[in-house]
Amino acid sequence: ADLPVSHVSQHMALEFAQRIGCELPTDAQWEYAARGGTDTAWWLGSEPELLNGRANLADRQIASVNKAWLRHATFDDGFAQLAPVGSFGANPFGLHDSCGNVWEWCADGAMQDLRDPVRADGTGWRLHRSSRRGLRGGAYTSDVNKLRSAFRSGDFPANQAPDTGFRVVCRWPPDAAK
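I will try to describe carefully the structure that is included in this document. (Residues numbered from 1 in each chain as written. Predicted model: local features only at pLDDT ≥ 70, side-chain atom pairs only at ≥ 80, totals over all residues. Heavy atoms only, no water.)

1. Looking at the sheet that holds strand β4 (residues 164-165)
With mixed pairing, the 4 strands of this open sheet are ordered in space as β3-β2-β1-β4. Each edge of the sheet is formed by a strand with only one pairing partner; in this case those strands are β3 (153-155) and β4. Contacting β1 (103-109) and β2 (133-136), helix α2 (residues 27-35) runs over the sheet at an angle of about 140 degrees to β1. (Pairing = 2+ DSSP bridges. Helix = DSSP H or I, 4+ residues; strand = E, 2+ residues; numbered from the N terminus. Contact = heavy atoms within 4.5 Å. Axes fitted to C-alpha atoms, helices over the stretch in contact; angles between N-to-C directions.)

2. Considerations on the environment of leucine 70
Relative to the helices and strands, leucine 70 resides in the loop between α2 and β1. Put simply, leucine 70 and tyrosine 140 are 70 residues apart on the chain and 9.9 Å apart in space, counted from C-alpha to C-alpha. Apart from residues no more than four positions distant in its own chain, leucine 70 is found in contact with Ala58, Asp59, Arg60, Ile62 and Ala63.

3. Structural notes on the packing of aromatic side chains
Applying the stated criterion to the full structure yields 4 aromatic pairs. For the ring pair tyrosine 32 and phenylalanine 93, a centre distance of 5.4 Å and an interplane angle of 45 degrees mean the geometry is tilted. With tyrosine 32 in helix α2 and phenylalanine 93 in the loop between α2 and β1, the pair connects residues that are 61 residues apart, well separated along the chain. Ring geometry for phenylalanine 79 and phenylalanine 88: centres 5.9 Å apart, planes at 75 degrees, overall edge-to-face. Look at phenylalanine 79 and you get partly exposed, because its relative accessible area is 24%. When its relative accessible area of 7% is taken as the criterion, phenylalanine 88 is described as buried. Seen from the ring of phenylalanine 156, arginine 132 lies directly overhead, with NZ or CZ sitting 5.5 Å from the centre. (Phe/Tyr/Trp six-rings, centres within 6.5 Å; stacked < 30°, edge-to-face > 60°. Buried < 20%, exposed > 50% of the residue type's maximum accessible area, 1.4 Å probe, protein only. Lys NZ or Arg CZ within 6 Å of the ring centre and 35° of its normal.)

4. Side note on the environment of leucine 82
Relative to the helices and strands, leucine 82 resides in the loop between α2 and β1. For the pair leucine 82 and threonine 141, spaced 59 residues apart in the sequence, the C-alpha separation amounts to 9.5 Å. Dropping the residues within four chain positions of it, leucine 82 is found in contact with Leu3, Pro4, Ser6, Asn56, Asn101, Val102 and Tyr140.

5. So, the nonpolar core
Within the largest apolar cluster, 10 residues are counted, these being Trp42, Trp43, Leu44, Leu51, Ala55, Leu57, Phe75, Cys99, Val144 and Leu147. Counting 8 residues, the second-largest nonpolar core is a separate cluster that includes Val8, Trp103, Leu135 and Phe166. (Core = buried A, V, L, I, M, F, W, Y, C linked by side-chain atoms within 4.5 Å.)

6. Overview of the pattern of salt bridges
Under the criterion given, the structure shown has 8 salt bridges. Here glutamate 15 ties to arginine 19 by a salt bridge, and the two come within 3.7 Å at their closest N and O atoms. With glutamate 15 and arginine 19 both in helix α1 (residues 10-19) and 4 residues apart, this pair spans about one turn of that helix. Look at arginine 19 and you get exposed, because its relative accessible area is 60%. Of the charged contacts in the structure, one is a salt bridge between glutamate 31 and arginine 136, with a shortest N-O distance of 2.7 Å. Taken together, the positions of glutamate 31 in helix α2 and arginine 136 in strand β2 put the pair 105 residues apart, joining distant regions of the chain. For glutamate 31, a relative accessible area of 7% gives the class buried. Overall, arginine 136 belongs to the buried group, its relative accessible area being 0%. Ionic contacts of the salt-bridge type, sharing partners, join the residues Asp27, Glu31, Arg35, Arg136 and Arg152 into one network. (Salt bridge = Lys/Arg side-chain N within 4 Å of Asp/Glu carboxyl O.)

Structure follows, in structure tokens:
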């Protein structure tokens, strides 16, 4: 019960978010929240070593499950696969697990031109012809570079990968969107 939701498609995540009166974050909203007001590669700072033991990624522990996923033999986060939510410290906005554990679906498209800046107003990117949708944050199967706040990835919205989950955003007060 304390593990993050995984094996979930974007369709499933959208349906759940709508059912509880929330939504998936846009790419820009996700990055803003994950950064926690910082401007470094990771909210922890600019040096990859800062993530050692502070984010769930492909380290020594994962080698016991799948040696092909091992990316950082000197890192040890204590988890071979999923870590319980909140196992690592929160960013300055109080959000846990914005680096690693599971990829998180975004509401808008994936693989925008990486030269395009994140939209300051938080609105979603115009969906391009690609049918892929945005994933952010990296996972327990990812190398440290894929955990960077600015790293963008994507997948087809019907896919349900074991390292993919979501988080929702909700308006406050709840009727603010009306």
